[in-house]
Amino acid sequence: MTTLSAVSNQRTYADRFFILASLWALLLSIFHAWPMIDVRISAYFFSGPLCVGTTAAKPCGYFALNQLPSITALRWFLYALPFAAATIIVACLIAARVSRQFRDRLAIRRLWLSLISLVLGTGLITNLILKGHSGRPRPSGTDLFGGGNRFMPAGSFHGTCQANCSFVSGEASGAGWLICLLILLPPRYRAWIAPPAILASLSTAFLRVAVGAHYTSDVVLGWLLSIVIFAGLLALEEHFTGC
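Read on for a plain summary of the structure. (Residues numbered from 1 in each chain as written. Predicted model: local features only at pLDDT ≥ 70, side-chain atom pairs only at ≥ 80, totals over all residues. Heavy atoms only, no water.)

### Some words on the packing of aromatic side chains
Per the counting criterion, the structure on display carries nine aromatic pairs. Aromatic side chains Phe46 and Phe63 sit 5.0 Å apart centroid to centroid with 65° between the ring planes, which places their arrangement in the edge-to-face category. Of this pair, Phe46 sits in strand 1 (residues 46-47) while Phe63 is found in strand 2 (residues 62-63), placing the two residues 17 residues apart along the sequence. The same class applies to Phe46 as to Phe63, namely buried. With centroids separated by 5.2 Å and ring planes inclined at 80°, the aromatic side chains of Phe151 and Tyr215 adopt a geometry described as edge-to-face. Here Phe151 is found in the loop between helix 5 (108-133) and helix 6 (170-180), whereas its partner Tyr215 is found in the loop between helix 7 (187-210) and helix 8 (216-241), with 64 residues between them in sequence. The exposure class of Phe151 is buried, given its relative accessible area of 15%. Taken together through their ring pairs, the aromatic side chains of Tyr44, Phe45 and Phe206 make up a single cluster. One Lys or Arg, Arg16, reaches over the ring of Tyr13 and ends 5.5 Å from the middle of that ring. (Phe/Tyr/Trp six-rings, centres within 6.5 Å; stacked < 30°, edge-to-face > 60°. Helix = DSSP H or I, 4+ residues; strand = E, 2+ residues; numbered from the N terminus. Buried < 20%, exposed > 50% of the residue type's maximum accessible area, 1.4 Å probe, protein only. Lys NZ or Arg CZ within 6 Å of the ring centre and 35° of its normal.)

### Digging into the layout of surface pockets
When its volume is computed, the largest pocket comes out at roughly 810 Å³. Along its surface, the largest pocket is lined by 24 residues, and Ile88, Ile89, Leu181, Leu185 and Ile193 are the ones closest to its centre. Looking at the lining of the largest pocket, the elements with two or more residues in it are helix 3 (69-98) and helix 7. For the lining of the largest pocket, the element with the most residues is helix 7, which contributes seven residues. Here the residues of the lining of the largest pocket sort into 22 nonpolar, no polar and two charged. (1 Å grid on protein atoms, 1.4 Å probe; cavity = no way out; pocket = protein on both sides within 12 Å on 5 of 7 lines; lining within 4 Å. Points joined across faces, edges and corners; volume = space filled by probe spheres on them. Nonpolar A, V, L, I, M, F, W, Y, C, P; charged D, E, K, R; others polar.)

### Here's the deal with a nonpolar patch on the surface
Together, Leu23, Leu26, Ile30, Trp34, Ile37 and Ile41 make up a nonpolar patch on the protein surface, roughly 500 Å² of accessible area in all. With three residues, helix 1 (residues 2-33) is the single largest residue contributor to the nonpolar patch. Structurally, Leu23 can be placed in helix 1. (Patch = residues over 30% accessible without salt bridge, like charges linked within 9 Å, V, L, I, M, F, W, Y side chains within 5 Å. Areas by Shrake-Rupley, 256 points an atom, 1.4 Å probe, with all protein chains shown as cover. Salt bridge = Lys/Arg side-chain N within 4 Å of Asp/Glu carboxyl O.)

### Looking at the environment of Phe102
Along the chain, Phe102 turns up in helix 4 (residues 100-104). Judged by its relative accessible area of 31%, Phe102 falls in the partly exposed class. Measuring from C-alpha to C-alpha, the distance between Phe102 and Tyr189 comes to 17 Å, with 87 residues separating the pair along the chain. Filtering out sequence-adjacent residues up to four positions away, Phe102 remains in contact with Cys92, Ala95 and Ala96. (Contact = heavy atoms within 4.5 Å.)

In structure tokens:
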């Protein structure tokens, strides 16, 4: 019975990983096939006409929310949350090393998995590989929204951005990672921590689009990527530990 239960749990995590990874690939295909989804959503937050074909007599618009100091302050606060969460996890792991009583209360392996998923998802895949080599200009950097680069659809690696590019969003990836941490919490804490954590995560993703820093595809795929990576690590944990 124990073996059957372990296999059942393993399949559950593996199935979740497969579903999430398939969803990520499907969304990428949709955004790539219909790139105007990105343009139209970004244009909704653009105050005034798009910049292609405008003249000095009829200037184009701008991303209004990007001009508000309150929005800028909120963005910096949300940006810091994944770093704060990672710091807390590291502090818990250090405390577990020096206190057996503290160690017995923590899911040590899951804490390590959460840090590994942050390094792999947000650090390596998002910031080093995708953002470093995609070449996709950010909305504010394209000719549609006042920049000098040509718009490129999601998944295209032929853009002219040289570094820190738009595909995918690093901040949205960090925000998605915050959602993964909820399963590490005891149920009695999860009930009241989950709502503000989810709100902060979704607000981070929303603001990246609203201020013209990223397209919707960058945000959705970056946010989901962290969850896919975490689900994959959970599936590997179940596979190798059998529990």
